[in-house]
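A look at the structure
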Amino acid sequence: MLDLDFYKGKRVFVTGHTGFKGSWLCRILLGAGAQVTGYSLEPPTEPNLFSVCGIKERMTSIIGDIRHREHLMQAFAEARPEIVLHLAAQPIVRESYRNPAETYETNVMGTVNILECVRNQEGVRSFLNVTTDKVYENREWEWGYRENDPLDGYDPYSNSKSCSELVTHSYKKSFFANGGTAVSTARAGNVIGGGDFAADRIIPDCVRAAEKGEAIVVRNPHSTRPYQHVLEPLMLYLTIAMKQYEDSSFAGYYNVGPDDADCLTTGRLVDLFCKAWGGMEWINRYDGGPHEANFLKLDCSRVKSVFGWHPTWKVEKAIEKTVEWSKIWLAGGDVAACMDRQIQEFLENGAIKK
């Protein structure tokens, strides 16, 4: 069970803090009383969650590129972190087809660089590399992938994250085998929630269509993915980082995804969004884009067994909370207060200690 009081006063270094997941993560950590240092590029979109969620002034925010090792190591040395959460990445499949070299440089060498920081800086007790469910060799089968299945992502994004996993495995065995620094990876499924403004993602596309009063264009309504609210994996990341900090035997490789019932087609997901928003409709317009997996599901038995973890919000609730945040944002309301309410409700629903 996660006790957020554990993070009070802890020095936590977060890469990718200006992104969607990173902004939510920093809001949770700051609320728990952690000393947070973030290292990331400028926010990837305009508008963006980092700029509107009220965290910049409450943390040390460093704008930098994880491909630039010297600058990263300087920031790392000044922060002297006890816990490192590595989220920085080029996360978009279609962008990886447009810029494969940059994707590999960021996702592979960026991971090498942050691990070099951990290796050369005393005091880091817990390191977590956040990857993706797309690291597996996808055979389009109907059952979920397990942590011991082969890694071999197809497209440059997925493959680069597979490489990031292998880099982490090598560093763990080569440099951290003595248990002084516990090292884990978390392979997360698709996340949804308020404040995601990324291109080429279905829920942000839905919100943009709602804002314009247009029908939602869906390019592949039959692809099946695991969907979960962003708070689900973030709370589990914090659980893994906490538990391995206290006991390095918890270090390992973990799938982080919803139950089977929340693995659904894109078309079904958009149906739920239209129902929650009200007065929306969508159209099927396949655009002949690059290869993306049609069916992908995770087996999360291990993380449930090790940590006693179970999803807190079903996908319908996740959509409801995403719509709630988005409508407040479009109305010019207090989205930071909305995030805090949702975090608190999630904690209460999941009986997580705070």
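Whatever comes next refers back to the structure up there.
Now for a quick tour of the structure. (Residues numbered from 1 in each chain as written. Predicted model: local features only at pLDDT ≥ 70, side-chain atom pairs only at ≥ 80, totals over all residues. Heavy atoms only, no water.)

With that out of the way, let us pick up the packing of aromatic side chains. Considering all chains together, one arrives at 13 aromatic pairs under this definition. Between Tyr171 and Phe175 the ring centres are 5.0 Å apart and the planes differ by 55°, which places this aromatic pair in the tilted class. Of the two residues, Tyr171 and Phe175 both sit in helix H6 (residues 156-175), 4 residues apart, roughly one turn of that helix. Under the relative-accessibility criterion, Phe175 is labelled partly exposed at 39%. Aromatic ring contacts, followed pair by pair, group Phe6, Tyr7 and Tyr245 into a single cluster. The residue whose ring lies beneath Lys172 is Tyr253, and the NZ or CZ to ring-centre distance is 4.9 Å. (Phe/Tyr/Trp six-rings, centres within 6.5 Å; stacked < 30°, edge-to-face > 60°. Helix = DSSP H or I, 4+ residues; strand = E, 2+ residues; numbered from the N terminus. Buried < 20%, exposed > 50% of the residue type's maximum accessible area, 1.4 Å probe, protein only. Lys NZ or Arg CZ within 6 Å of the ring centre and 35° of its normal.)

The peptide bond linking Glu46 to Pro47 adopts the cis configuration, its omega dihedral lying at 5°. Assignment of secondary structure puts Pro47 in the loop between strand S2 (35-40) and helix H2 (49-52).

Between the first and last C-alpha of helix H1 (residues 20-31) there are 17 Å, a value that for 12 residues agrees with the 16 Å anticipated at 1.5 Å per step. Burial analysis of H1 places 11 of its 12 residues in the buried class, which makes it a mostly covered element. Within H1, the full set of buried residues consists of Phe20, Lys21, Gly22, Ser23, Trp24, Leu25, Cys26, Arg27, Ile28, Leu29 and Leu30. Where H1 ends, the next residue or the one after it, Gly33, has phi of about 90°, a positive value. (Expected span 1.5 Å × (residues − 1).)

Moving on to helix H11 (residues 315-330). Here H11 spans 22 Å end to end across 16 residues, near enough to the 22 Å set by a 1.5 Å rise per residue. Three or more residues of H11 are buried, namely Val315, Ala318, Ile319, Lys321, Thr322, Val323, Trp325 and Ser326. Backbone geometry just after H11 places Gly332 at a positive phi near 75°.

The next thing to look at is the packing of helix H7 (residues 202-212) against H11. Working note: a packed helix pair is described by the angle between its axes plus the distance between those axes. The N-to-C vectors of H7 and H11 enclose an angle of 40°; their axes lie 11 Å apart at closest approach. Taken together, H7 and H11 sit at an angle that is classed as oblique. Regarding H7 and H11, the two cross each other, and that crossing is right-handed. Contacts from Ile203, Val207 and Glu211 of H7 reach H11 at Ile319, Thr322, Ser326, Trp329 and Leu330. (Axes fitted to C-alpha atoms, helices over the stretch in contact; angles between N-to-C directions. Parallel < 35°, antiparallel > 145°, perpendicular 65-115°, else oblique. Left-handed = near helix turned anticlockwise from the far one by under 90°. Contact = heavy atoms within 4.5 Å.)

Such coordinate-based values are descriptive only and should not be taken to indicate function.
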